[in-house]
Amino acid sequence: MRLLRHSDFERVYKKGRRHFAAHMTVFYLLREPGEGLRVGFTVGKVLGGAVDRNRMKRRLRESVRLHWPGVRVPIDVVINPKKSVLKLEFAELENEIGQAFEVIRKSLAKRTT
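Residues numbered from 1 in each chain as written. Predicted model: local features only at pLDDT ≥ 70, side-chain atom pairs only at ≥ 80, totals over all residues. Heavy atoms only, no water.

A. Structural context of a positive patch on the surface. A surface patch of positive charge is lined by Arg 17, Lys 106, Lys 110 and Arg 111. Residue contributions to the positive patch peak at three residues, all from helix α3 (residues 90-112). Note that Lys 110 resides in helix α3. (Patch = residues over 30% accessible without salt bridge, like charges linked within 9 Å, V, L, I, M, F, W, Y side chains within 5 Å. Areas by Shrake-Rupley, 256 points an atom, 1.4 Å probe, with all protein chains shown as cover. Salt bridge = Lys/Arg side-chain N within 4 Å of Asp/Glu carboxyl O. Lys, Arg positive; Asp, Glu negative; His and termini not counted. Charge placed at Lys NZ, Arg CZ, Asp CG, Glu CD. Helix = DSSP H or I, 4+ residues; strand = E, 2+ residues; numbered from the N terminus.)

Set out below in structure tokens:
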């Protein structure tokens, strides 16, 4: 369920599509048949100290968990947050993650039909 290897992240960045949102950029790539959705987060040192970066990742993981799409499509998603995610209300963060998954779903529906 998680993207962990550097090569997987690089593949999504180079071959995938992207969706720009107000507080994050979401990269996604349909992959070969296998298990379902895998999500990874890229939170660099430029976004703050370890405490801030870990807080961002916890908030993002929870909002992804709450909006986890039920579709069993094999897709890799990488989320790059902006610093504004720290000060963002959690409900707004949830809304933005939900919208990103909806954009991905619509994009994949177009490509597979």
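B. Quick look at the environment of His 23. Note that His 23 resides in the loop between β1 (17-20) and β2 (24-30). The sequence separation of His 23 and Val 85 amounts to 62 residues, and the corresponding C-alpha distance is 6.1 Å.

C. Just the packing of aromatic side chains, in detail. For the structure shown, the criterion picks out one aromatic pair. When the centroid spacing of 4.9 Å and the interplanar angle of 85 degrees are considered together, the rings of Tyr 13 and Phe 27 count as edge-to-face. Taken together, the residues span a long stretch of sequence, with Tyr 13 in helix α1 (residues 6-15) and Phe 27 in strand β2 at a distance of 14 residues. (Phe/Tyr/Trp six-rings, centres within 6.5 Å; stacked < 30°, edge-to-face > 60°.)

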